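Close look at the chain arrangement
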Amino acid sequence: MRDKMFNIFDEPEHAKIAENMFAKGTKNSFSKGDLGDVSDNKYDYAADPHKPDVAVINLGTNDFGTEPYPDKKDFIDAYHEIVDAVRKMYGNIPIICIAPRVQGPCFDYIAELVEHSSNNLHLAAIFQDYCNNTTDLGASEHPNYEGQKKMAMLICPYISTVTGWATGGAFR
């Protein structure tokens, strides 16, 4: 998950926030880092002309890959903090919350979070058999390059629906 966080937080200040979150965490990734640091960030997001049209959050593989699973309230509260940090940086853009292909209550937790939110959140799910266990997965059942391509192909039409982007045709 650490590499994924650094991909999400692509600005130098974002990497510091992610590093700080992991340094303060315990052995479960749902443990809260210090998302309050986002407010201390000196980067002026409002002035940046480059804003994403949509954000995709894919969390839960580590949290629900093995037992014990995180407490429902702790997981949802931590997830809300991440959503709030994205909102603080980019406003009310659509956020697609992906429930990963793991066993346990992960799907239910994320579905409940999205269902009870009036905050432009959308649910997408990667079901257990969507990826081939021998060719599409890498370490600890995380999707490898092939698995990630399959996941992207699955959610691209949904991103189109949520954003109003056209599908097909030439990219300009």
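This section reports on the structure supplied with the text. (Residues numbered from 1 in each chain as written. Predicted model: local features only at pLDDT ≥ 70, side-chain atom pairs only at ≥ 80, totals over all residues. Heavy atoms only, no water.)

Looking now at the overall build of the protein. Within the protein, the regular secondary structure consists of seven helices and three strands. In the protein, the succession of helices and strands from N to C terminus is α-α-α-β-α-α-β-α-β-α. For the protein, the residues scored as buried account for 38% of the 172 residues in total. A fraction of 65% describes how many contacts in the protein between residues 6 or more apart in sequence connect residues 24 or more apart. (Helix = DSSP H or I, 4+ residues; strand = E, 2+ residues; numbered from the N terminus. Buried < 20%, exposed > 50% of the residue type's maximum accessible area, 1.4 Å probe, protein only. Contact = heavy atoms within 4.5 Å.)

Let us now look at the environment of Tyr79. Among the secondary structure elements, Tyr79 is positioned in helix α5 (residues 72–90). In this structure the C-alpha to C-alpha distance between Tyr79 and Leu59, which are 20 residues apart in sequence, comes to 8.6 Å. Beyond its immediate chain neighbours, meaning those up to four positions away, Tyr79 contacts Ile57, Leu59, Cys97, Ile98, Ile110 and Leu113.

Judged by pairing direction, the sheet is parallel, and its three strands sit side by side in the order β1-β2-β3 without closing on themselves. What marks the edges here is a single partner per strand, and that holds for β1 (55–58) and β3 (121–125). Averaged over all pairs of adjacent strands, the angle between their axes in this sheet comes to 25°, without regard to strand direction. Along the sheet, helix α6 (residues 106–115) contacts β2 (95–99) and β3; its crossing angle with β3, the most-contacted strand, is approximately 155°. (Pairing = 2+ DSSP bridges. Axes fitted to C-alpha atoms, helices over the stretch in contact; angles between N-to-C directions.)

With that settled, the discussion passes to the packing of aromatic side chains. Inspection of every chain in the model, using the stated rule, returns five aromatic pairs. Centre to centre, the rings of Phe75 and Tyr79 are 5.8 Å apart; their planes meet at 55°, and the pair counts as tilted. Of this pair, Phe75 and Tyr79 are both found in helix α5, four residues apart, which corresponds to roughly one turn of the helix. Summarising the burial analysis for this pair, Phe75 and Tyr79 share the class buried. With a centroid separation of 5.9 Å and 45° between ring planes, the pair formed by Phe75 and Tyr109 is classed as tilted. In this pair, Phe75 sits in helix α5 while Tyr109 sits in helix α6, placing the two residues 34 residues apart along the sequence. (Phe/Tyr/Trp six-rings, centres within 6.5 Å; stacked < 30°, edge-to-face > 60°.)

Burial of β3 is extensive: four of the five residues sit out of reach of the surface. Across five bridges, the pairing between β2 and β3 is parallel. Opposite Ile95, over in β3, you have Leu121 as the bridge partner.

This paragraph deals with the packing of α5 against α6. Relative to each other, α5 and α6 sit at 50°, their axes nearing to 10 Å. The orientation of α5 with respect to α6, classified from their angle, is oblique. Viewed along their axes, α5 and α6 form a crossing whose handedness is right-handed. Only Tyr109, Ile110, Glu112 and Leu113 of α6 make contact with α5, whose side of the interface consists of Lys72, Phe75, Ile76, Tyr79 and His80. Across the contact of α5 with α6, the residue classes break down as six nonpolar, one polar and two charged. (Parallel < 35°, antiparallel > 145°, perpendicular 65-115°, else oblique. Left-handed = near helix turned anticlockwise from the far one by under 90°. Nonpolar A, V, L, I, M, F, W, Y, C, P; charged D, E, K, R; others polar.)

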